[in-house]
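Secondary and tertiary structure notes
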Amino acid sequence: MDLSIIIVSWNVKDILKKCLQSIFDKTAGIDFEVIVVDNASKDGSAQMISQEFPQVNLIASNENLGFAKGNNLGLEYAQGNYVLFMNPDMELVENSFPKLLALMNNDDKIALATCQLIYPDGSRQNNIKNNPGLCDQILILLKLHHLFQPKCLKHYLAKDFDYTKEQEVKQVMGAFTFSHGQIIRQIGGWDNDYFLWWEDLDLCKKIQDLGYKIVYTPKTKVVHYESKSFAQELSLIKQKRFNRGMAIYFRKHSGLLSYLVIKLLSYLSLGLAWLSQILKIKPKTQSKI
């Protein structure tokens, strides 16, 4: 089989239906399967899939496993030579997958790839970053990235990245991660220590450390509605999960001092998130900064 598409979903029945319909409507010329891991949704998502998409391999979990564990559960059932990890809040606008398969088939050193992501209005979503550092993450924890962007932050957010050029990159957004099946299995899939957020940065760092390539291509595009699952949770809960993921990442990939700084500032960031929640301030995602 050419491709396994794994979608981890939580309480987004309507947008998931649109995503699945676009996959089956637009995809041609390849042998593929779709695996949906439903993280204990309460909105009838699993029933919708069973009734309207019987060709989908549905894995209905009794608990919310999070993103990393959900992806790994789907990976256990995947039969494809390549595996796409795709968010449910996405929609194909063309026959994208054969183009990504061709890219990866041409270079066996490519472990991960992604394409252009666009918002529903057609504007570009910035889905490429560089590896995180202490300077840029302190600014993000303290919400200062909304006020000014020094050199370290611009570098992390890849502000000078040319989205018209196919090229090797450091980090791709986990929402649409096209992977070489053998390599992703070799490293044990996603790191289960992460529940939500930072697991994609961790995965990309491991791929880099093994000497494999991560590639962005502008040859195809996919619509990303972005954060439809995350929008269901309060700012403070999201900040706790984000902070936990950041701390895990720095513990694994940076020195003790950096980890301790991140842990200390995490408490202050929770206070800022609580204030934002009280004042009903809607934070911007990093892709919109």
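Calculation notes
Residues numbered from 1 in each chain as written. Predicted model: local features only at pLDDT ≥ 70, side-chain atom pairs only at ≥ 80, totals over all residues. Heavy atoms only, no water. Helix = DSSP H or I, 4+ residues; strand = E, 2+ residues; numbered from the N terminus. Rg over C-alpha atoms; globule rule 2.2 N^0.38 Å. Buried < 20%, exposed > 50% of the residue type's maximum accessible area, 1.4 Å probe, protein only. Contact = heavy atoms within 4.5 Å. Areas by Shrake-Rupley, 256 points an atom, 1.4 Å probe, with all protein chains shown as cover. Lys, Arg positive; Asp, Glu negative; His and termini not counted. Charge placed at Lys NZ, Arg CZ, Asp CG, Glu CD. Core = buried A, V, L, I, M, F, W, Y, C linked by side-chain atoms within 4.5 Å. Polar contact = N/O pair within 3.5 Å; in protein donor to acceptor, adjacent residues only side chain to side chain. Axes fitted to C-alpha atoms, helices over the stretch in contact; angles between N-to-C directions. Parallel < 35°, antiparallel > 145°, perpendicular 65-115°, else oblique. Left-handed = near helix turned anticlockwise from the far one by under 90°. Nonpolar A, V, L, I, M, F, W, Y, C, P; charged D, E, K, R; others polar. Phe/Tyr/Trp six-rings, centres within 6.5 Å; stacked < 30°, edge-to-face > 60°. Pairing = 2+ DSSP bridges. Disulfide = S-S within 2.5 Å.

Further remarks concern the overall build of the protein. The number of helices and strands found in the protein is ten helices and twelve strands. Here the C-alpha radius of gyration of the protein, 18 Å, is about what a compact globule of 289 residues would show, namely 19 Å. For the protein, the C-alpha atoms occupy an extent of roughly 50 × 40 × 35 Å along the three principal directions. Residue burial in the protein is summarised as follows: out of 289 residues, 53% are buried. Residue pairs at least 24 apart in sequence account for 80% of intrachain contacts in the protein once pairs closer than 6 positions are excluded. If you sum the accessible surface of the protein, you get close to 13,200 Å²; carbon and sulfur atoms cover 52% of it. Separation between the mean location of the 34 positive side-chain charges and that of the 29 negative ones in the protein comes to 8 Å.

This brings us to the nonpolar core. Ranked by internal contacts, the top residues of the largest apolar core, which has 35 residues, are Ile-5, Ile-7, Ile-23, Met-86, Phe-97, Phe-176 and Phe-178. Counting residues per element, this core draws most heavily on helix 4 (residues 97–105), at five residues. Among the nonpolar cores identified, the runner-up in size contains 31 residues, and Ile-6, Val-37, Ile-59 and Phe-67 belong to it.

On to the environment of Arg-185. Relative to the assigned elements, Arg-185 resides in helix 7 (residues 181–186). The exposure class assigned to Arg-185 is partly exposed, which follows from its relative accessible area of 35%. Spatially, the C-alpha atoms of Arg-185 and Leu-75 are 8.2 Å apart, while their sequence positions differ by 110 residues. A polar atom in the side chain of Arg-185 sits 3.0 Å from the backbone oxygen of Ala-78.

Where helix 5 (residues 134–141) contacts helix 9 (residues 235–253), the two axes come as close as 12 Å, and the packing angle between them is 165 degrees. Accordingly, the angle class assigned to the pair helix 5 and helix 9 is roughly antiparallel. Note that helix 5 runs across helix 9; the crossing there is left-handed. On helix 9, the residues that touch Leu-134, Gln-137, Ile-140 and Leu-141 of helix 5 are Gln-239, Phe-242, Asn-243, Met-246 and Phe-250. Looking at the contact of helix 5 with helix 9 residue by residue, the class counts come to six nonpolar, three polar and no charged.

What follows concerns the packing of aromatic side chains. Within the structure shown, the criterion is met by 13 aromatic pairs. On the basis of an interplanar angle of 80 degrees and a centroid distance of 5.4 Å, the ring pair of Phe-67 and Trp-190 is categorised as edge-to-face. On the criterion of sequence distance, the pair formed by Phe-67 in helix 3 (residues 66–77) and Trp-190 in the loop between helix 7 and helix 8 (199–209) is long-range, its members being 123 residues apart. Look at Phe-67 and you get buried, because its relative accessible area is 11%. Put simply, the rings of Trp-197, Trp-198, Phe-242, Tyr-249 and Phe-250 touch in pairs and so form one group of aromatic residues.

Here Ala-40, not a glycine, exhibits a phi torsion of approximately 55 degrees, which is positive. With respect to the helices, strands and loops of the structure, Ala-40 is situated in the loop between strand 2 (32–39) and helix 2 (45–52). Ala-40 sits in the buried class, given a relative accessible area of 17%. At Ala-158, a residue that is not glycine, the phi angle is positive and equals roughly 50 degrees. Judged by relative accessible area, which is 6%, Ala-158 ranks as buried.

Before going further, it helps to spend a moment on the pairing of strand 11 (residues 176–180). Here strand 11 lies mainly inside the structure; five of its five residues are buried. The side-chain alternation of strand 11 yields two buried faces, one formed by Phe-176, Phe-178 and His-180 and the other by Thr-177 and Ser-179. Bridge count between strand 6 (residues 110–118) and strand 11: two bridges; the pairing is antiparallel. In the strand pairing of strand 11, Ala-113 is matched with Phe-178.

Let us now look at the state of the cysteines. Applying the stated criterion to the full structure yields one disulfide. Among the cysteines around Cys-19, which has no disulfide bond, Cys-115 carries the closest sulfur, lying 12 Å off. Not engaged in a disulfide, the cysteine Cys-204 finds its nearest cysteine sulfur in Cys-115; these two sulfurs lie 14 Å apart.

Distances and angles like these do not, on their own, reveal function.
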